[in-house]
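# Close look at the chain arrangement
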Amino acid sequence: MQSVTVTVNPNTTRLDNNIVITEKEGKSQTNYPVQGGRPFRSGEIKNFPQAILDGAPIQTQANVKTRWPDGSVKHAILNFVLPTLAANSSVRVTFQNQN
């Protein structure tokens, strides 16, 4: 697996519902797997989080670990595959609710 950097909420003055993934080794990647834990604000994701790349939803496996008192997702382990990750580039992945 190549070296990448994942940044969560890079703007500390605002909570953005995204992560930024940056390729650091100068090698383009195809079908790059991403897995990690992700917290969410109360009410942000009702059922299960789904990753969005370039405005299009991508298949996402979400293992919800905890929920807020309102039933929304508090913390989940997410797995998804980036179809491509160009050399020395960054992609922003946002999240939406999925049933």
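Described below are features of the structure shown in this document. (Residues numbered from 1 in each chain as written. Predicted model: local features only at pLDDT ≥ 70, side-chain atom pairs only at ≥ 80, totals over all residues. Heavy atoms only, no water.)

Turning to the packing of aromatic side chains, a few remarks are in order. Scanning all chains against the criterion turns up 1 aromatic pair. Relative to F95, the ring of F40 lies with its centre 5.8 Å away and its plane at 85 degrees, an arrangement referred to as edge-to-face. Of this pair, F40 sits in the loop between β3 (29–39) and β4 (48–53) while F95 sits in strand β8 (residues 90–98), and the two are 55 residues apart along the sequence. Seen from the ring of F40, R38 lies directly overhead, with NZ or CZ sitting 4.8 Å from the centre. The residue whose ring lies beneath K74 is W68, and the NZ or CZ to ring-centre distance is 4.5 Å. (Phe/Tyr/Trp six-rings, centres within 6.5 Å; stacked < 30°, edge-to-face > 60°. Helix = DSSP H or I, 4+ residues; strand = E, 2+ residues; numbered from the N terminus. Lys NZ or Arg CZ within 6 Å of the ring centre and 35° of its normal.)

Note on placement: S72 falls in the loop between β6 (60–67) and β7 (73–85). Here the side chain of S72 touches G43 through a polar contact of 2.7 Å, landing on its backbone nitrogen. Setting aside anything within four residues of it in sequence, one finds S72 in contact with R41, S42, G43, E44, I45, K46 and R67. (Polar contact = N/O pair within 3.5 Å; in protein donor to acceptor, adjacent residues only side chain to side chain. Contact = heavy atoms within 4.5 Å.)

Moving on to the nonpolar core. If you look at the biggest cluster of nonpolar residues, it comprises 19 residues, and the most contacted ones within it are I21, F40, F80, L82, V93 and F95. Where this core is concerned, the elements lending two or more residues are β2 (18–23), β3, β4, β7 and β8. Looking at this core element by element, the count peaks at 6 residues for β7. (Core = buried A, V, L, I, M, F, W, Y, C linked by side-chain atoms within 4.5 Å. Buried < 20%, exposed > 50% of the residue type's maximum accessible area, 1.4 Å probe, protein only.)

Here N31, not a glycine, exhibits a phi torsion of approximately 50 degrees, which is positive. On the secondary structure map, N31 appears in strand β3.

Another aspect to go through is the sheet that holds β3. Pairing in this open sheet of 3 strands is antiparallel, and the strands run β3-β7-β6 from one edge to the other. If you trace the sheet from one side to the other, it starts and ends with β3 and β6, each paired once. Mean inter-strand twist for the sheet, computed between neighbouring axes without regard to direction, equals 15 degrees. In terms of strand pairing, β6 meets β7 through 7 bridges, oriented antiparallel. By the bridge assignment for β7, A62 is matched with L78. (Pairing = 2+ DSSP bridges. Axes fitted to C-alpha atoms, helices over the stretch in contact; angles between N-to-C directions.)

Time to look at the pairing of β4. With 5 of its 6 residues buried, β4 lies for the most part within the structure. Relative to β8, β4 runs antiparallel, the two being bridged by 6 bridges. Note that in β8 the partner of L53 across the bridge is V93. Relative to strand β5 (residues 56–57), β4 runs antiparallel, the two sharing 2 bridges. Among the inter-strand pairings, L53 is bridged to a residue of β5, identified as A56. Linkage of β4 to β5, two consecutive antiparallel strands, is achieved through a turn of 2 residues, within which D54 is found at a positive phi near 55 degrees.

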